[in-house]
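The chain contents come next:
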Amino acid sequence: MPFEVTDPCTGERLETFAALDPAACDALLTELQARQQRWRTVPIAERARAIEALATALRTHRETLARTLTREMGKPITAARAEVDKCIALCAEAPAMATSALADELLRDDADAYVVTRYAPLGVVLAIMPWNFPYWQALRLAVPTLLAGNGICIKPAPSVPGTALALARCFDDARATLHREPTRDPAQPDAGDVPWAVGLIEEHDLDALIADPRIAGVSLTGSDRAGRHVAEVAGRHLKKVVLELGGSDPFIVLPDADLDEAARVAVAARTVNSGQSCVAAKRFIVCDAVYDAFLTRFVAGMRALVMGDPQDERTHIGPIATARVRDGLAAQVATSVSAGARVLLGGDARGLPGFFYPPTVLVDVPDSAPAACDELFGPVAAVFRVATEADAIARANATPFGLGASVWTQSTAAADRCIAALEAGMVYVNDMVVSDPRIPFGGVKASGMGRELGPIGYREFTNVQTVHRRRRPMSP
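First, a word on what this report is: a plain description of the structure on this page. (Residues numbered from 1 in each chain as written. Predicted model: local features only at pLDDT ≥ 70, side-chain atom pairs only at ≥ 80, totals over all residues. Heavy atoms only, no water.)

### Topic: the pattern of salt bridges
Close approach of charged atoms allows side chains with opposite charge to pair. Across all of its chains, the model carries 37 salt bridges by this definition. Put simply, glutamate 105 and arginine 459 hold a salt bridge, and the shortest N to O gap is 3.1 Å. Remark: arginine 459 occurs in helix 15 (residues 454–459) and glutamate 105 occurs in strand 3 (residues 105–109); sequence separation between them is 354 residues. On the accessibility criterion, arginine 459 (24% relative accessible area) is partly exposed. (Salt bridge = Lys/Arg side-chain N within 4 Å of Asp/Glu carboxyl O. Helix = DSSP H or I, 4+ residues; strand = E, 2+ residues; numbered from the N terminus. Buried < 20%, exposed > 50% of the residue type's maximum accessible area, 1.4 Å probe, protein only.)

And the structure:
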């Protein structure tokens with residue numbers, strides 16, 4: 001089955017790409033494994049040269065990368081450029097982070113023994129990547145994983161093959177640049193022998209790929225359903241997994257919050273990437289004392305957003321990436337309204353072209369409605385009124401997910417209470433949840449396991465190896 005590109009603005013099929021056949025996939029894995037065995041001997045300082053070359057390629061192709069992303073999944077062009085820029089920033093910051101995070105850790109140094117922990121590479125990691133941030137999600141895993149001495153095989157989402165191939169061209173350009181330049185130390189292995197690849201691999205081949213002994217670990221960014229399946233298959237073969245899954249992130253507004261700032265950030269937090277982000281705030285939980293004032297500001301901000309052509313620099317909200325995602329979102333809203341939710345803004349995509357869905361605000365959402373606890377992937381916000389801080393925390397935790405949470409208060413004590421009680425992998429106080437190269441990213445519950453980024457993320461796909469050197473015979 002070919003990979004197909006559909007214009008999300010019109011629903012028109014634009015292009016098809018052939019998937020790798022089994023023989024090509026087998027050859028790709030063999031090559032990656034051979035490269036990784038050489039790459040693992042390259043010092044981090046030399047591996048960093050490959051990441052620097054990749055950053056140069058990303059800068060060179062920045063506009064093409066951004067336009068391809070906008071064309072394939074409808075990301076507004078300003079956001080598409082920002083995604084590429086974030087990847088470039090990651091490449092700039094990653095070598096220093098890797099050097100620190102992957103350094104040997106001294107555990108014991110006395111007359112009897114010298115003991116350290118080493119972080120050694122595992123092998124080739126399979127990266128099953130999503131469509132919503134296809135450059136950033138791939139590279140935020142690939143760059144730390146490569147710097148740790150591993151190889152990486154990126155399997156893109158079926159709807160964004162062009163972005164995957166554009167990224168592959170950047171890999172090729174970086175490798176070519178390294179091959180044209182002498183290594184800093186000719187005695188060292190070639191830093192241009194980078195074990196990275198992008199493969200248009202069909203979904204039905206993934207189980208066999210995970211089981212393949214040439215794959216040492218698997219990372220998936222996607223739905224909790226997909227995550228459970230990948231974890232099950234990987235578990236049968238004792239493969240390390242990192243799962244970054246969905247979220248129904250709460251945005252808590254306590255009575256002493258700065259309402260103007262909270263409402264402004266709430267709009268941005270709900271509509272980042274046209275609402276198609278796992279860490280986008282989705283449930284706005286507001287204490288009764290400030291509920292009406294916050295809601296007025298929030299609805300006004302959502303109403304002011306410009307929905308339209310994602311190639312237009314003025315556009316805030318582009319189309320939903322695929323018909324399946326748009327239809328699923330529309331069904332979740334309709335079910336929530338049937339259950340008793342009220343629509344204050346939007347809520348109806350009829351008459352809109354392609355896969356557009358308007359900015360939408362729901363209130364009076366029953367606990368049984370999808371908008372109360374499920375992940376809504378699009379510019380739809382559910383606003384809840386609660387009486388107390390304790391009620392806000394209970395409402396925030398009333399979901400299968402536990403990715404991020406945002407708390408708005410001017411009280412350090414209140415913030416600390418919320419941080420301690422919230423079931424979330426990340427808590428941001430007076431700010432929106434984002435992924436930052438310097439900070440561990442990941443969740444709990446149905447939002448997944450393991451971490452990307454930050455010092456912990458660099459160590460996920462490593463063998464935490466204890467080395468004990470005895471210094472003298474033990475006494476009898």
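### Some remarks on the sheet that holds strand 19 (residues 448–449)
With respect to topology, 6 strands assemble into an open sheet ordered 7-6-5-8-9-19, the strand pairing being mixed. Both edges of this open sheet fall to strand 7 (196–198) and strand 19, since each of them pairs with a single strand only. Across the sheet, helix 5 (residues 134–147) is in contact with strand 5 (124–128), strand 6 (151–155), strand 7, strand 8 (215–221) and strand 9 (240–244); its angle to strand 6 comes to roughly 165°. (Pairing = 2+ DSSP bridges. Contact = heavy atoms within 4.5 Å. Axes fitted to C-alpha atoms, helices over the stretch in contact; angles between N-to-C directions.)

### Things to note about the sheet that holds strand 17 (residues 426–429)
Read across the open sheet, the 7 strands follow the order 12-13-14-11-10-16-17; overall the sheet is mixed. The sheet is open, and its two edges are formed by strand 12 (342–345) and strand 17, each paired on a single side. Each strand axis lies, on average, 25° off the axis of its neighbour in the sheet, ignoring direction. Relative to strand 16 (residues 404–408), strand 10 (residues 249–253) is paired through 3 bridges, and the arrangement is parallel. Within strand 16, the position partnered with isoleucine 252 by the bridge is valine 407.

### A look at the layout of surface pockets
As a volume, the second largest pocket reaches approximately 580 Å³. Lining the second largest pocket are 28 residues, and of these Ala79, Ala82, Phe133, Val272 and Asn273 lie nearest its centre. No other element matches the 5 residues that helix 4 (residues 77–101) contributes to the lining of the second largest pocket. Across the lining of the second largest pocket, the residue classes break down as 14 nonpolar, 9 polar and 5 charged. (1 Å grid on protein atoms, 1.4 Å probe; cavity = no way out; pocket = protein on both sides within 12 Å on 5 of 7 lines; lining within 4 Å. Points joined across faces, edges and corners; volume = space filled by probe spheres on them. Nonpolar A, V, L, I, M, F, W, Y, C, P; charged D, E, K, R; others polar.)

### Some thoughts on empty space enclosed by the protein
In this structure the tally under the stated criterion is 6 cavities of 30 Å³ or more. By volume, the largest cavity amounts to about 60 Å³. Residue lining of the largest cavity: 15 residues in total, with Pro250, Ala396, Phe401, Gly402 and Glu423 positioned closest to the centre. Elements with a contribution of two residues or more to the lining of the largest cavity: strand 10, helix 13 (389–397), strand 15 (401–402) and strand 16.

### What to know about the pairing of strand 10
In terms of residue burial, strand 10 counts as a mostly covered element, since 5 of its 5 residues are buried. What you see with strand 10 is no split at all: Asp249, Phe251 and Val253 on one side and Pro250 and Ile252 on the other are buried throughout. Direction of pairing for strand 10 relative to strand 11 (residues 281–287): parallel, over a ladder of 5 bridges. In the sheet register, proline 250 faces strand 11, and the bridge partner there is arginine 283.

### Remarks on the packing of helix 9 (residues 259–271) against helix 10 (residues 288–303)
Here helix 9 crosses helix 10 at 45°, and the two axes come no closer than 9 Å. Judged by the angle between their axes, helix 9 and helix 10 are oblique. Crossing of helix 9 over helix 10 shows right-handed handedness. Between helix 9, through Leu259, Asp260, Ala262, Ala263, Ala266, Val267, Arg270 and Thr271, and helix 10, the contact on the second element is made entirely by Val290, Ala293, Phe294, Arg297, Phe298, Gly301 and Met302. Among the residues forming the contact of helix 9 with helix 10, the class breakdown is 10 nonpolar, 2 polar and 3 charged. (Parallel < 35°, antiparallel > 145°, perpendicular 65-115°, else oblique. Left-handed = near helix turned anticlockwise from the far one by under 90°.)

### So, the nonpolar core
Counting residues in hydrophobic clusters, the biggest one holds 103 residues, and the most contacted among them are Leu54, Leu58, Leu139, Val143, Ile152, Ile154 and Val365. With 11 residues, helix 4 is the largest single contributor of residues to this core. Among residues more than four places away in sequence, those in contact with valine 143 are Ile51, Leu54, Leu90, Cys91 and Ala94. Ranked by size, the runner-up nonpolar core spans 29 residues in total, among them Val253, Leu259, Leu345 and Trp408. (Core = buried A, V, L, I, M, F, W, Y, C linked by side-chain atoms within 4.5 Å.)

### Side note on the pairing of strand 8
Counting buried positions along strand 8 gives 6 out of 7 residues, so the element sits mostly inside the fold. Pairing geometry for strand 5 and strand 8, over 5 bridges, is parallel. Bridging from a neighbouring strand, valine 125 pairs with glycine 217 of strand 8. The handedness of the strand 8 to strand 9 crossover, carried by helix 8 (residues 224–236), is right-handed. (Right-handed = clockwise from strand over helix to strand, strands pointing away.)

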